[in-house]
Amino acid sequence: MDNKIKDKPILILDYDGTLHNTAYIYEPAFRSVMGELQEEGIIPHEEYSSEEISYWIGFSAKEMWEKFHPELDEAIREAAGRRIGDKMMEAVRNGRAQLYPGTEAVLDELKKEHTLYFLSNCLDDYAAVHRKCFGLDRWFSEYFCTGYYGFRQKEEVFAENIYKPGQSYIAIGDRIKDIRLASECGLHSIACLYGFGSEEELKTADVMIKDISELPDAVGRIELMMK
């Protein structure tokens, strides 16, 4: 790492909803598995809007099912979560996943002066298929998937596995979990309003952006705050 980058804050980037427009692969997988569970008589028939489905993007599978259908046996919840995940990864392999327009150019720009870390509520194999599909190793130096740590909260994963004394960080994401990471660990934060979180849940972020193209400028604004 050259000294220019070493003196800069490390950017802790969420993935789904921040760089990756997850709705393209999550909504079809969700609808498919819900249909299977309804046909099997495990859950009652219900229609879901796109907004209701996208609400769950950013939750770990474990949290999602505990909140969505807490009455189901844990084994059923875990199996359903795996089925959704498998369908999503199949969609990535089949070329149906999409980064937000302009994401690659933004990451190229950020990478010139910053080290980028990937921190997502996902399993390692989910991250792996995206790394291969989009060549994420061009930009990210480290990957931290909460599934590897038993789906512990992001602030716990950060504090125990990422934080180094004397190093500064900026948390970037589209859900309350990313902003809570920042508040719990004393970091500055950038909220991505174009993702799947509401403005209300993200209101305590230091900076809010409405398009990923605004991210480099937002990082610069945070760096000025840190001086």
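Quick summary incoming for the structure in this document. The written sequence of each chain sets the order in which its residues are numbered from 1. Given that the model is predicted, a residue must reach a pLDDT of at least 70 before its local features are reported, and side-chain atom pairs must reach 80 or more before they are shown or counted; all residues, however, enter totals for whole chains, interfaces and linings. Where side-chain values are given, they derive from all heavy atoms of the structure, hydrogens and water being excluded.

Regarding the overall build of the protein chain
We count a stretch as a helix when DSSP gives it H or I for four or more residues in a row; a strand needs E for two or more, and each element gets its number in order from the N terminus. Per the secondary structure count, the protein chain includes 10 helices and six strands. Against the globule reference of 17 Å for 227 residues, the protein chain gives a C-alpha radius of gyration of 18 Å, in line with a compact fold. Based on the C-alpha atoms only, the size of the protein chain along its principal axes is roughly 60 × 35 × 30 Å. Only protein chains enter the accessibility calculation, which uses a 1.4 Å probe; a residue is then buried when its area is under 20% of its type maximum, exposed when over 50%, and partly exposed in between. In the protein chain, buried positions account for 50% of the 227 residues. Expressed as a percentage of contacts within the protein chain between residues at least 6 apart in sequence, the contacts between residues at least 24 apart total 68%. Total accessible area on the protein chain is roughly 11,100 Å²; 48% of this is exposed by carbon and sulfur atoms. In the protein chain, which carries 27 positive and 42 negative side-chain charges, the distance between the mean positions of the two groups comes to 5 Å. The size measure is the radius of gyration over C-alpha atoms, and the globule rule it meets is 2.2 Å times the number of residues to the 0.38 power. In this analysis, two residues are considered to be in contact whenever any of their non-hydrogen atoms come within 4.5 Å of each other. Only the protein chains shown count as cover for residues, with accessible areas throughout obtained via the Shrake-Rupley method and a probe of 1.4 Å. As used throughout, the charge tally considers Lys and Arg to be positive and Asp and Glu to be negative, leaving His and the chain termini uncounted. By convention, the charge on Lys lies at NZ, on Arg at CZ, on Asp at CG and on Glu at CD.

Examining unusual backbone geometry
Although it is not a glycine, Phe151 sits at a positive phi angle of roughly 55 degrees. Along the chain, Phe151 falls in the loop between strand S3 (140-145) and helix H8 (154-162).

Comments concerning the environment of Ser50
Considering the arrangement of structural elements, one finds Ser50 in helix H3 (residues 50-54). Overall, Ser50 belongs to the partly exposed group, its relative accessible area being 32%. Between the C-alpha atoms of Ser50 and Glu27, which are 23 residues apart in sequence, the distance is 7.1 Å. Not counting chain neighbours up to four residues away, the residues in contact with Ser50 comprise Glu27 and Arg31. Polar contacts, as used here, are pairs of N or O atoms within 3.5 Å; protein pairs need one atom able to donate a hydrogen and one able to accept it. Residues neighboring in sequence count only if both atoms are side-chain atoms. Here Glu27 takes part through its side chain, which lies 3.0 Å from a polar atom of the side chain of Ser50.

With respect to the state of the cysteines
Any pair of cysteine sulfurs within 2.5 Å is marked as a disulfide. Applying the stated criterion across every chain, the model contains zero disulfides. For the unlinked cysteine Cys192, the closest cysteine sulfur is that of Cys122, found at 16 Å. For Cys192, a relative accessible area of 0% translates into the label buried.

Let's talk about the pattern of salt bridges
Two side chains bearing opposite charge may form a pair once their charged atoms approach each other closely. Between Lys or Arg on one side and Asp or Glu on the other, a salt bridge is scored when a side-chain nitrogen of the former is within 4 Å of a carboxyl oxygen of the latter. In the structure shown here, the tally under the stated rule is 17 salt bridges. For Arg83, the salt bridge is made with Glu40, and the minimal N-O distance between the two is 3.3 Å. Remark: Glu40 occurs in the loop between helix H2 (23-39) and H3 and Arg83 occurs in helix H5 (residues 74-93); sequence separation between them is 43 residues. Given the relative accessible area of 48%, Glu40 is considered partly exposed. Where salt bridges share partners, they join Glu36, Glu40, Arg83 and Lys87 into one cluster.

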